[in-house]
Amino acid sequence: MSKRYEWTAASPSPRSVRPELVEGRRTLRAPVAAALLAAAASSCVTVEAPDKPIVIELNVNIRQEVIYRLAADAKNTVEENEDIF
Amino acid sequence: MLKTRTRLIAAALVVAGGAIALATPALAQRDPAYAAARAAGQVGEKIDGYLGVVGASTPALQAIVNDINIKRRALYAQKAQAANATLDEYALTAGCQAILATKPGEKYQAPDGSWQTRGSGPPQRDARCP
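To start, this report covers the structure provided alongside it.

Rules and cut-offs
- Residues numbered from 1 in each chain as written.
- Chains lettered and ligands numbered in written order.
- Predicted model: local features only at pLDDT ≥ 70, side-chain atom pairs only at ≥ 80, totals over all residues.
- Helix = DSSP H or I, 4+ residues; strand = E, 2+ residues; numbered from the N terminus.
- Expected span 1.5 Å × (residues − 1).
- Buried ≥ 20, exposed ≤ 12 C-beta atoms within 10 Å, placed from the backbone.
- Axes fitted to C-alpha atoms, helices over the stretch in contact; angles between N-to-C directions.
- Parallel < 35°, antiparallel > 145°, perpendicular 65-115°, else oblique.
- Contact = placed C-beta atoms within 7 Å.
- Nonpolar A, V, L, I, M, F, W, Y, C, P; charged D, E, K, R; others polar.

### Notes on helix α4 (residues 87-100) of chain B
Residue and element names in this part refer to chain B.
For step 1, the next point in the chain: An ideal rise of 1.5 Å per residue puts 20 Å on 14 residues; α4 measures up with 20 Å between its terminal C-alpha atoms.
For step 2, the next point in the chain: In terms of burial, α4 is largely enclosed, as 11 of its 14 residues are buried.
For step 3, the next point in the chain: Of all the residues in α4, the buried ones are E89, Y90, A91, L92, T93, A94, G95, C96, Q97, A98 and I99.

Written as structure tokens, this is what we have:
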């Protein structure tokens, strides 16, 4: 699923197509037009939705937090049980 | 009179003996066979908090390792429960500390699973180790 926006130098600008709309929205249109022109330099903008679900791997962070919490306790355990460490 | 004094001395000896017996577990030393295997690099500290045989295994080495690991597991289980953590979490944390506590010349397992000899510098440890 993708949407493709193309803009070439040959295409008529929105300003020349519908000047009456442009007049009322000058402040909004100017940045949009600038963005479109910038995009035109790289010929097209492609927006694609990932086909796989986005999975955030929390396991590593949780484990590290737990390890930090247990560190002092585990250090004592190792030091106090020299016979098996 | 003499009998009373003897009894007092005997009582004092029993009390002293008891104190030594109580203090002994904290000061317990490694079994000589384990200490020798460790010094020879035949056994090493694994990432998961347990001891492993380095190189070729023999029944004697495996017996030492199994004995230590059973004791460690029981200790980890007890401590993990007290700290409200899982056995694996506690064991891994203890592994971080046990690897850090190795002496130069002793073996430990690097994060890639390979056996390394502890040098004078810090050991290679799991990125999660504190």
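Alright, that's what it looks like, and here's the rest.
### Notes on the packing of helix α2 (residues 32-39) of chain B against helix α3 (residues 59-82) of chain B
Residue and element names in this part refer to chain B.
For step 1, the next point in the chain: Across the interface, α2 lies against α3 with an axial gap of 10 Å and an inter-helix angle of 110 degrees. With respect to α3, the axis of α2 lies roughly perpendicular. Contact residues: A33, Y34 and A37 in α2; L61, I64 and I68 in α3.
For step 2, the next point in the chain: Tallied by class, the residues present in the contact of α2 with α3 amount to six nonpolar, no polar and no charged.

### Comments concerning the interface of chain A and chain B
In many reports, interface size means the accessible area that the parts give up when they come together.
For step 1, the next point in the chain: Contact residues are listed per partner, giving 18 residues for chain A and 23 residues for chain B.
For step 2, the next point in the chain: A class-by-class count of the residues in the side of chain A that touches chain B yields nine nonpolar, three polar and six charged.

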